[in-house]
Protein chains: 2
Amino acid sequence: MLYAVIIAGGKGERFWPRSVRARPKQFQRIVTARTMLQETFYRVYPEIPGERIFIGAGEQHRNIILEQLEEVDGGNLIVEPVGRNTAPAIGLASCVISSRDSEAVIAVLSADHVVKPRGAFLSALSDAEKAAEQGYIVTFGIEPDRPATEFGYIEVAEPLKGDFGHEIFTVKRFREKPSLELAEEYRMAGTFLWNSGMFIFRADVLLGAMEKYMPALYRGLMRIRTSLGTAEEQRVIEEEFSGFESISIDYGVMERFDRIACLKPRFFWDDVGSWGALERHLKGDERGIIRSGNVVTVDSESSIVLGDEESIIALVGMQDTIVVKEGGRILVCHKNADQKIKDVLRKIAERGENLSYL
Amino acid sequence: MLYAVIIAGGKGERFWPRSVRARPKQFQRIVTARTMLQETFYRVYPEIPGERIFIGAGEQHRNIILEQLEEVDGGNLIVEPVGRNTAPAIGLASCVISSRDSEAVIAVLSADHVVKPRGAFLSALSDAEKAAEQGYIVTFGIEPDRPATEFGYIEVAEPLKGDFGHEIFTVKRFREKPSLELAEEYRMAGTFLWNSGMFIFRADVLLGAMEKYMPALYRGLMRIRTSLGTAEEQRVIEEEFSGFESISIDYGVMERFDRIACLKPRFFWDDVGSWGALERHLKGDERGIIRSGNVVTVDSESSIVLGDEESIIALVGMQDTIVVKEGGRILVCHKNADQKIKDVLRKIAERGENLSYL
């Protein structure tokens, strides 16, 4: 049976000031009229029924998730007591799900990706499930349409044998986010795909891989598994999590495991990592300005201005500028600098006052 | 006796969003802790007593003026029923004052200039009064320290004879705001001074010049003069004003009158015509950023960010940018484009909604 685990633990700092600690990016309407979490959920629901969709997130976002997803039962929230990156989170989810269904196949999805159309996604998921049942950890590798430097890459090798509706390859190697020069080379080579960060695997296969490559994590997970459904459960999870190494599933498992497959899907994918990425999803006016709210522009072009109805934003003589107002938080950022928005949050935190702006 | 008339009728549109119709620039704290009107008033008060200081302004600003200047009597407000530029306004003031004191000397001052130090100003005013008593209309001509293109110029000729503490010249010609090239030439020539827009004259001399060069205006003013203190006064002023041509004192009188003198004062002067001009008055930090309110900057320089305590403004990767938040109005403007802020107001007015933002 296919299960989905939606990872909704991100901080979304690069989407400040709309994204804040209390309501990060995945709980916001960034690209569509639904929040990114809702988009992710309804991408698989109802084909995967609500009782088989789990959400991994921090305790502080429990209420917001239940508000946004009526179909999710509180028992399907997999709460990390402290953030320890993706390996412990996915390990915990696999542990919880496999204790209910020992043959479970799990699709790990990020709550903040743009994927469309939905039919192509479900079709890819179905094929990936088949490969996963054969013991592969299956990734989705997106064919690059530009030399992106903000994604990791998967170098693929041989086609996988089997009756699949998609091209599926064995994986030669995972590659870090490249320089522009290297990204150009990858694109020319034709054997490098963007690592979309989605994984489909049998729970027992993943836990087996963790036993081999991350034995400390595995031992902790097994102790948690024993406690599930007992009065000790919460205490054990908290104890074990605090001791887990903070490590991503990519470093912990994917780069070491020998049965990784990469499916080349036919859907459009983007992780919308920053405000500047919005231009790939929203259409600007004839001067390349994407706007919302009450905005006046004079002699300006190629900019993103997101205001609200409570105030007016006037842009005069500006180019390549991102302006976002959200309540009492206003960002004015050059498009080339949107990776540095995190530094604003660091500076606010360092000051120690006005923490409500974070 | 010396009187002051402070012209406070400007719209201050280039200082939007702080300056709005209900409270233009001159009623705002732009450069110092006092409003520009207050700065202008206390530049001459108490050396000129309150009963000899008049304020020319629109009816809608009566209350704000009386709030800001406790020493001014409501009777010293010279209210223009409709804006008709400076010639009718100064004519009306001269008419009102000369009906009280036929030998009055009047200093016309703008409510939105920066002048310092005060002692140098009072000293120049005293000398200008002497020249005015000899029948001259006296201007203050500022020695250029840069090839400014945003000011008009006065080309001076011969030194005026007399026992003055300042250099005072006869005037050869008034010059429009020049191109940069011409402004450079003016500065090299040494005989071109910035027209500060302040005038000192005997009321009877100015009215005599108006009789000669602006006879229609003069006739209207004389009809107003006859009505002063009668029950008809307000009605007559309204009737006459609506028929006056809208014309500046420079075009109407100064460029035609043959007894213009130009005093070269020893004070610093600036008309602070736009946000960008603030850099001449406020010191930025080590990266050239002038800031007020709750502001965070990352990798930014050479900018002006004026916020408030109700919200936070973050500037990331920006240069040469002006950001001003005032209530629900937010401006993001390139420094080179601050002359185009007026277009924002035009666009808001054209839309016909949100007029409260003007």
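Keep in mind the model is a prediction, meaning the values are calculated, not measured.

A. How the structure looks around the pairing of strand S1 (residues 2-7) of chain A. All names here are of chain A. The buried fraction of S1 amounts to five of the six residues, a majority that puts the element mostly inside the structure. Summarising the sheet, S1 and strand S4 (residues 105-110) pair through six bridges and their orientation is parallel. Across the sheet, residue Tyr3 finds its bridge partner in S4, namely Ile106. Pairing geometry for S1 and strand S2 (residues 53-58), over four bridges, is parallel. Its bridge partner lying in S2, Ala4 is registered against Ile53. Remark: the S1/helix H1 (residues 36-44)/S2 crossover connection has right-handed handedness.

B. Molecular detail of the sheet that holds strand S14 (residues 304-306) of chain A. Here we have six strands laid out as an open sheet, ordered S12(A)-S14(A)-S16(A)-S17(A)-S15(B)-S13(B), and mixed in their pairing. The open sheet has two edge strands, strand S12 (290-292) of chain A together with strand S13 (294-298) of chain B, and neither has a second partner. Geometrically, the sheet is characterised by an average inter-axis angle of 10 degrees between neighbouring strands, direction not taken into account. Examined bridge by bridge, strand S16 (residues 321-326) of chain A and strand S17 (residues 329-334) of chain A share six bridges and lie antiparallel to one another. Counted as the bridge partner of Ile322 of chain A is Cys333 of chain A from S17 of chain A. Relative to S13 of chain B, helix H10 (residues 341-351) of chain A is tilted by about 130 degrees, and along the sheet it contacts S17 of chain A together with S13 and strand S15 (312-316) of chain B.

C. Local environment of helix H7 (residues 215-227) of chain A. Residue and element names in this part refer to chain A. With 13 residues, H7 extends 19 Å between its outermost C-alpha atoms, agreeing within 8% with the 18 Å of an ideal straight helix rising 1.5 Å per residue. Residues of H7 that are buried: Leu217, Gly220, Leu221 and Ile224. The arc that holds the buried residues of H7, viewed along the axis, is 100 degrees, so those residues lie on one side. Those residues of H7 that are buried are in contact with helix H3 (86-100), helix H6 (203-213) and helix H8 (233-243). One or two positions beyond H7, positive phi appears at Gly229, with a value near 85 degrees.

D. Expanded view of the domain arrangement of chain A. Residues and elements named next belong to chain A. By domain assignment, chain A separates into domain 1 (2-273) and domain 2 (276-357). The gap between the C-alpha centroids of domain 1 and domain 2 is 30 Å. Residue composition of the side of domain 1 that touches domain 2, by class: five nonpolar, one polar and four charged.

E. Summary view of the environment of Leu331 of chain A. Within the secondary structure layout, Leu331 of chain A lies in strand S17. Separated by 25 residues in the primary sequence, Leu331 of chain A and Leu306 of chain A place their C-alpha atoms 9.8 Å from one another. Apart from residues no more than four positions distant in its own chain, Leu331 of chain A is found in contact with Trp16, Pro17, Ile322, Val323, Val324 and Ile341 of chain A together with Ala314 and Val316 of chain B.

F. The arrangement of the interface of chain A and chain B in detail. Opposite the 33 residues of chain A that make contact, chain B presents 33 residues. Elements supplying a minimum of two residues to the side of chain A that touches chain B: strand S13 (294-298), strand S15 (312-316), S16, S17 and H10 of chain A. It is S17 of chain A that contributes the most residues to the side of chain A that touches chain B, six residues altogether. Residues of the side of chain A that touches chain B, tallied by class, amount to 18 nonpolar, eight polar and seven charged. Note that S17 of chain A and S15 of chain B share five bridges and pair parallel. Residue pairing in the sheet places Ile330 of chain A in a bridge with Ile313 of chain B of S15 of chain B.

About the thresholds
Residues numbered from 1 in each chain as written. Chains lettered and ligands numbered in written order. Predicted model: local features only at pLDDT ≥ 70, side-chain atom pairs only at ≥ 80, totals over all residues. Buried ≥ 20, exposed ≤ 12 C-beta atoms within 10 Å, placed from the backbone. Helix = DSSP H or I, 4+ residues; strand = E, 2+ residues; numbered from the N terminus. Pairing = 2+ DSSP bridges. Right-handed = clockwise from strand over helix to strand, strands pointing away. Axes fitted to C-alpha atoms, helices over the stretch in contact; angles between N-to-C directions. Contact = placed C-beta atoms within 7 Å. Expected span 1.5 Å × (residues − 1). Arc of directions from axis to C-beta. Domains from an automatic or database assignment. Nonpolar A, V, L, I, M, F, W, Y, C, P; charged D, E, K, R; others polar.

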